[in-house]
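Each chain is listed here by its residues.
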Amino acid sequence: MNIEEISFQIILNGGNARSLAAEAINYAKAGEFDIAEQKIEEANEAMIIAHRFQTDLIQGEARGEKVEIRLILVHAQDHLMNAMTVIDLAKEIIELYKKTSELELRKS
């Protein structure tokens, strides 16, 4: 695979992971915690795929292979890091919604 194809795989899977994490937040907001957790798992799976492509590049460079740094690769890295951040925040937001839901049930 060339650098553009690898970059697009990172963008695709990172973007999917980010979207799934956003969906998870929406499900948690609606009280659908099981579905929210499922979406987080799907997001994690997409991240694993994206991260594999990134790891392959890093390992290749460690073996002495020249990695051409292109703007598309920088963009891909941005997508990956953004997805990681959104997933981490989504997990926290889901937990907050769960706690809020539990408190509301106790008040009832």
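Overview of the structure. Quantities reported herein were computed from a predicted structural model and do not represent experimental measurements. (Residues numbered from 1 in each chain as written. Predicted model: local features only at pLDDT ≥ 70, side-chain atom pairs only at ≥ 80, totals over all residues. Heavy atoms only, no water.)

### Some thoughts on the overall build of the chain
The secondary structure content of the chain amounts to 3 helices and 0 strands. Element order for the chain, N to C, with α for helix and β for strand: α-α-α. Here the C-alpha radius of gyration of the chain, 17 Å, is well above what a compact globule of 108 residues would show, namely 13 Å. The burial tally for the chain puts 32% of its 108 residues in the buried class. Across the chain, every contact between residues at least 6 apart in sequence was considered, and the portion connecting residues at least 24 apart equals 79%. Here the chain contributes 12 positive and 19 negative side-chain charges, whose respective centroids are spaced 4 Å apart. (Helix = DSSP H or I, 4+ residues; strand = E, 2+ residues; numbered from the N terminus. Rg over C-alpha atoms; globule rule 2.2 N^0.38 Å. Buried < 20%, exposed > 50% of the residue type's maximum accessible area, 1.4 Å probe, protein only. Contact = heavy atoms within 4.5 Å. Lys, Arg positive; Asp, Glu negative; His and termini not counted. Charge placed at Lys NZ, Arg CZ, Asp CG, Glu CD.)

### Some words on the pattern of salt bridges
Tallied over the entire structure, the rule returns 6 salt bridges. As a salt-bridge pair, K39 and E23 come within 3.4 Å of each other at their nearest N and O atoms. Here E23 lies in helix α1 (residues 3-29) and K39 lies in helix α2 (residues 33-62), a separation of 16 residues in the sequence. A salt bridge links R63 to E65; the shortest N-O distance between them is 3.1 Å. Note on R63: relative accessible area 57%, which makes it exposed. Of the residues examined, E65 reaches a relative accessible area of 42% and is grouped as partly exposed. A network of salt bridges, in which partner residues are shared, links E23, K39 and E42. (Salt bridge = Lys/Arg side-chain N within 4 Å of Asp/Glu carboxyl O.)

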